[in-house]
Amino acid sequence: MQKAQTSSRIKTYYELTKPKIWYLLVFTAFGAALTASNLYHIPISPATWGLMIFGVAAGSAAANTLTNYHDRDIDAIMERTKNRPIPSGRISPPEKARDFGLVLAGISLVCAFALSYTVGFWNGIWAGIFMAFGLANNVLVYSHALKRRSRTNIILGGFCGGAPAMIGYAAVTLTGIWDLGLVMAGLVFIWIPMHIWALTLHFKDDYNKVNVPMLTAVQSEKTSARVIAISTLVMVLFSVVPFFLTMQSGQPVMKEIYLYTAIASGVLMLLLSFWVIVKPTEKASWMLFKFSSPYLSVLFIALMVDSGFR
């Protein structure tokens, strides 16, 4: 009986961290690290892999947990979120979730800064800075300051999405981090608004019920569809930027494998966003939302595969 209760409690806290979100963010960190390793022929030690992956997982889970704690009042009202661990009463009192999130945040910072011992002093310092920035941007800027006040919340609050890629890159090298590293982080940052706006268009009644001014919830469906289409176009255009970057030797960073993958997957996303314009319905926006996560994964897989042929 005790074993069953412990297992159930672990599953509840695991659910609290929104694993589907941090799975993807950990993957972007992994992709950035492996791409940098391939390009600069720098091996990654098991200790570095462990600190980087566990640190990003803990940091992303911490951000999700702390935002869940802050949003527990509106989560209890929204149909989509009312069965989450805190509003459903499976974690009570809510302060347990807050404390759990703070512990995870502490672990993530320790892991990031500890990269100084496995890679290099400044690698760990920068990884720690990126981790701290990601946590602050997600929890303080997005959740506390903007989410319930501004329709641009997900734009200014979306910088945190690029932090895992920067951490993954810094865990390997600082060479090119403000070129390719920043572009990989930018892929995530520019992807976030389209991803979230497609979701909020699908659940706009939920957001309006709790007066959260997500852009596609407060605008008409027609206007929202256009906003989503424009953000998708910007995302697709930006996705080809890695192809035009060059290394210090003058060699291109990415070649045709990445370019063709970015174009093919981008065309699919543009077709789905066009469908949202033609039929701005919940079904169309939900389809775009469901395809958006695999799209981002495909881009990072293409980065890893292309760089692997060097």
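Residues numbered from 1 in each chain as written. Predicted model: local features only at pLDDT ≥ 70, side-chain atom pairs only at ≥ 80, totals over all residues. Heavy atoms only, no water.

Enquirer: Tell me what's going on with the pattern of salt bridges, and back it up with residues and numbers.
Expert: Side-chain pairs of opposite charge can arise where the charged atoms are in close proximity. What the rule picks out here adds up to 8 salt bridges. We note a salt bridge from Arg 148 to Asp 71, for which the minimum N-O separation is 3.3 Å. Of this pair, Arg 148 sits in the loop between helix 6 (121-146) and helix 7 (153-156) while Asp 71 sits in the loop between helix 3 (46-70) and helix 4 (72-75), and the two are 77 residues apart along the sequence. Among the salt bridges present, the one from Lys 209 reaches Asp 206, with a minimum N-O distance of 3.7 Å. With Lys 209 and Asp 206 both in helix 10 (residues 204-209) and 3 residues apart, the pair spans about one turn of that helix. Overall, Lys 209 belongs to the partly exposed group, its relative accessible area being 42%. One network of salt bridges, in which partners are shared, links Asp 71, Asp 73, Lys 147 and Arg 148. (Salt bridge = Lys/Arg side-chain N within 4 Å of Asp/Glu carboxyl O. Helix = DSSP H or I, 4+ residues; strand = E, 2+ residues; numbered from the N terminus. Buried < 20%, exposed > 50% of the residue type's maximum accessible area, 1.4 Å probe, protein only.)

Enquirer: Break down the nonpolar core for me, with residues and values.
Expert: Generally speaking, a soluble globular protein has its nonpolar side chains buried in company with each other. Counting 84 residues, the largest nonpolar core has Met 184, Trp 191, Met 235, Tyr 258, Met 269 and Leu 288 as the members making the most contacts within it. A per-element tally of this core places helix 9 (residues 177-202) first, with 16 residues. (Core = buried A, V, L, I, M, F, W, Y, C linked by side-chain atoms within 4.5 Å.)

Enquirer: Explain the packing of aromatic side chains residue by residue, including any values.
Expert: Following the criterion strictly, the structure yields 13 aromatic pairs and no others. Pairing Trp 126 with Trp 178 gives two aromatic rings, centres 5.4 Å apart and planes at 80°, and the pair type is edge-to-face. One end of the pair, Trp 126, is in helix 6; the other, Trp 178, is in helix 9, and 52 residues separate them in sequence. Residue Trp 126 is classed as partly exposed on the basis of its relative accessible area, which comes to 29%. Taking the centre distance of 6.0 Å and the plane angle of 70° together, the rings of Phe 130 and Trp 178 count as edge-to-face. With Phe 130 in helix 6 and Trp 178 in helix 9, this residue pair connects regions lying 48 residues apart in the sequence. The exposure class assigned to Phe 130 is buried, which follows from its relative accessible area of 8%. (Phe/Tyr/Trp six-rings, centres within 6.5 Å; stacked < 30°, edge-to-face > 60°.)

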